[in-house]
Amino acid sequence: MPVRPEDNPTITMNGSVPAQGAPAAGAYPEPPRVPPAGGGWPAPGPNGAGGPQAAHLPTDLQGTDSGGSALPPDAPPPPGVPPAPAAGVRFDHPPQAAGHPVPPGSAEGHPVPPGGYAPQSDGYPAQSETYQAQQPDEYLLQAPDPRVSADPAAQAAGAGGKVCVACRAGRVDDDGYCENCGHAQPRERDHMEQESGPVAAVSDRGLRHHRNEDAFAIGSTALPDGSPASVAIVCDGVSSATRPDDASMAASKAASESLLAALPRGTHPQQAMHDAIIAASRAVNSLAAEPATAREHAPHQNAPACTIVGAVVTSGLLIVGWVGDSRAYWVPVDRSAPPARLTEDDSWAAQMVAAGLMSEAEAYADERAHAITGWLGADAYELEPHTAAFKPDRPGVVVVCTDGLWNYAEAAEELARVVPLDAAAHPLHSARVLVGHALDGGGHDNVTVALVPFPAVSQGAGSA
């Protein structure tokens, strides 16, 4: 797989969204300063000192052209046409910025009729009523008419659509863009939160990526003996692959459905986790044959792919399963007891450490550290689901996350210091805290975290 960049995503992103800066200085005119209402001139003294000097209007001085000759007198307006307003800017044709005058004979690409523009003292042209009357309707900005509806949001909702978050007026089309101002709307997956019984998860796009390629699925059910079981699945799409967001969503959905169906039937949780990863792999593999993948495929891309990590918690057993470099951590309620990392990465760095070629610090400092060696996808070398079973001797919480979080708290001790002390009792709040920690650290990657309290709590059994 490709080598990771400095911002530590799973695999190098193909592009970035340029930062939106403020307009350059001078791009917008400064409004004329108007003296405050009621502010009179100082009264003149006995000898006339202190009074205002005689005011001169611009019309008191005869204008000349560049050769010094007197300007011809203004032609009177045609009969029946009201005089042009003294000042103002049309909203359907924004004014040209200073230093960029409208070329003679044109107005932003449209012919200028005689008398079409009247020069103004602030340097910006104002269009006359003659031009306004001749201008075709299709050139007008399609802004909502306030006389039609005073509540554009209600109007858009009444038409079965969403209102734009930018202009708060236009309806959002099926492609996610405002029909009025063209603004792209936030995607539903940019930030997601969910609670299911005692389990909670939060996913965020982060601050650098243009979309969220992570996905999660959580749920709770009951074993055949009636005892509770909690499930959490977290997937991270491989950014250099085709449709990574679809891959992570398909994998998380298939794995959680497999677990929630197998556990009530009496399947051992570790076997159920293994089977769930196989089901997730098949779901991702099937995306490679879909027409959408063929349309997006390019020589530098490969089949849809993602990583996966999951946890199953019962009243006395903790099971984890994974492929790739998404991780699970154990954080005890009693912080005097040591936390632990429960998974081993399928990555270049982990292979170097396992082979004794590098220390862990050296390996993860290398630019190739995040190149993964195991993933779900049709182009995976070989699918090797990893599973492990634990029997904790005290209550705690399992943190299931993508590398968008653990990049900012890699060691178990570092992560435990960020997890709130009441995480087992308030998992959603704690998941928000952990995502916030990653965003505060830079948010270079998508961030997803699920929290599963141990032992499982019988709340909302059967929900998903």
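Under an unreviewed UniProt entry, the name given to the chain is Protein phosphatase 2C domain-containing protein, and the organism recorded is Streptomyces coeruleofuscus.

Novice: Give me the lowdown on helix α10 (residues 427-440), citing residues and values where you can.
Specialist: Compared with an ideal rise of 1.5 Å per residue, which puts 14 residues at 20 Å, α10 spans 20 Å between its outermost C-alpha atoms and is within 8% of the ideal. Along α10, the positions that sit buried rather than exposed are P427, L428, S430, A431, L434, V435 and A438. Within α10, the buried residues cover an arc of 165° as seen down the axis, which keeps them to one side. Where α10 is buried, its residues touch β5 (191-196), β6 (199-204), β15 (396-401), α8 (403-406), α9 (412-418) and β16 (447-454). One or two positions beyond α10, positive phi appears at G442, with a value near 140°.

Novice: Pulling in residues and values, what's your account of the pattern of salt bridges?
Specialist: The full count for this structure, using the stated rule, is 15 salt bridges. A salt bridge links R243 to E290, with the nearest nitrogen and oxygen atoms 3.0 Å apart. With R243 in the loop between β8 (228-237) and α3 (244-262) and E290 in the loop between α4 (269-287) and α5 (291-296), this pair connects stretches of sequence that are 47 residues apart. Taking the relative accessible area as the measure of exposure, R243 reaches 7% and is therefore buried. By relative accessible area, E290 is classed as partly exposed at 31%. Of the charged contacts in the structure, one is a salt bridge between R368 and D366, with a shortest N-O distance of 2.9 Å. Taking relative accessible area as the criterion, D366 reaches 16% and is therefore assigned buried. Residues participating in the shared-partner salt-bridge network are R327, R341, E344, D345, E360 and E410.

How each quantity is defined
- Residue positions within a chain follow its written sequence, with the count starting from 1.
- Residue-level local features of this predicted model are given only where pLDDT is at least 70; pairs of side-chain atoms are given and counted only at 80 or more, and the full residue set underlies all totals for whole chains, interfaces and linings.
- Computation of side-chain values covers all heavy atoms of the structure but excludes hydrogens and water.
- Strands here are runs of E lasting at least two residues and helices are runs of H or I lasting at least four, both read from the DSSP assignment and numbered beginning at the N terminus.
- Expected helix span is given by 1.5 Å per residue-to-residue step, counting one fewer step than there are residues.
- Type-normalised accessible area, obtained with a 1.4 Å probe on protein chains alone, sets the label of each residue: buried when under 20%, exposed when over 50%, and partly exposed for intermediate values.
- Picture the helix axis, draw a direction to every C-beta atom, and the arc is the one those directions span.
- Working rule for contacts: check all heavy atoms of both residues, and any pair within 4.5 Å makes them a contact.
- In the sections that follow, a salt bridge refers to a side-chain nitrogen of Lys or Arg positioned within 4 Å of a carboxyl oxygen of Asp or Glu.

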